[in-house]
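What the coordinates show
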Amino acid sequence: DRLRVYLLLRHISRFAAVTLISFSERPADLVDAGPLLEFCERVEVIALPVWQSRLNLLTGTFSAEPFQVSYYRSEVMERLVEKLVRERFDVAFAHLFRMFPYLDRFSGRRIVDLSDSLALNLRRAIPVKPALSRLAFREELRRVAPYESRVMRRVEQSWVISETDRADLLAR
């Protein structure tokens, strides 16, 4: 995932000014964004410690959203996004559907890089997982499949790597 994002940043920065917002498990002031400044006009890093993400997962069990979306919930990120939506961006881009709640706040052209169909990956993984894990994977699949479809309907473009993933997503 990191390499894909890095390559996208490198490519996009050739013809556009890029503002990157990202999470880090470490405190934001400990993140060295220096290498990214070669490609980005601005880099904003939001700390999301693992303990907070795990708490988000726990509270997310009572919602319908996928666990991955719950994992990345952050009031600090929401405040940053609220500030950024007042600025003018030609395109807003999110890597993976778990960032869609933040992408959805932007107006204009929105692109989400799904990379692959998580529902397809989950369907393939469930049979080989231990029994207890299968329960969690089935629940995540129940949440992910409609969520991926909703994300695709709400954005102007969604990207995937393979034709197999594309066919799976369009079949829903």
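Structure: see above.
How each quantity is defined
Residues numbered from 1 in each chain as written. Predicted model: local features only at pLDDT ≥ 70, side-chain atom pairs only at ≥ 80, totals over all residues. Heavy atoms only, no water. Helix = DSSP H or I, 4+ residues; strand = E, 2+ residues; numbered from the N terminus. Salt bridge = Lys/Arg side-chain N within 4 Å of Asp/Glu carboxyl O. Buried < 20%, exposed > 50% of the residue type's maximum accessible area, 1.4 Å probe, protein only.

Digging into the environment of alanine 171
Relative to the elements of secondary structure, alanine 171 occurs in the segment after helix 8 (163-170). In sequence terms alanine 171 and serine 149 are 22 residues apart; their C-alpha atoms lie 9.6 Å from each other.

Observations regarding the pattern of salt bridges
In this structure the tally under the stated criterion is 15 salt bridges. Glutamate 87 is paired through a salt bridge with arginine 42; the nearest N and O atoms lie 2.7 Å apart. Of this pair, glutamate 87 sits in the loop between helix 4 (75-84) and strand 3 (91-95) while arginine 42 sits in strand 2 (residues 42-47), and the two are 45 residues apart along the sequence. Given a relative accessible area of 23%, arginine 42 falls into the partly exposed group. The shortest N-O distance in the salt bridge between glutamate 78 and arginine 73 comes to 3.9 Å. Given a relative accessible area of 29%, arginine 73 falls into the partly exposed group. Linked by salt bridges that have partners in common, Asp104, Arg110, Arg154 and Glu156 make up one network.

The analysis is restricted to geometry; functional conclusions fall outside its scope.
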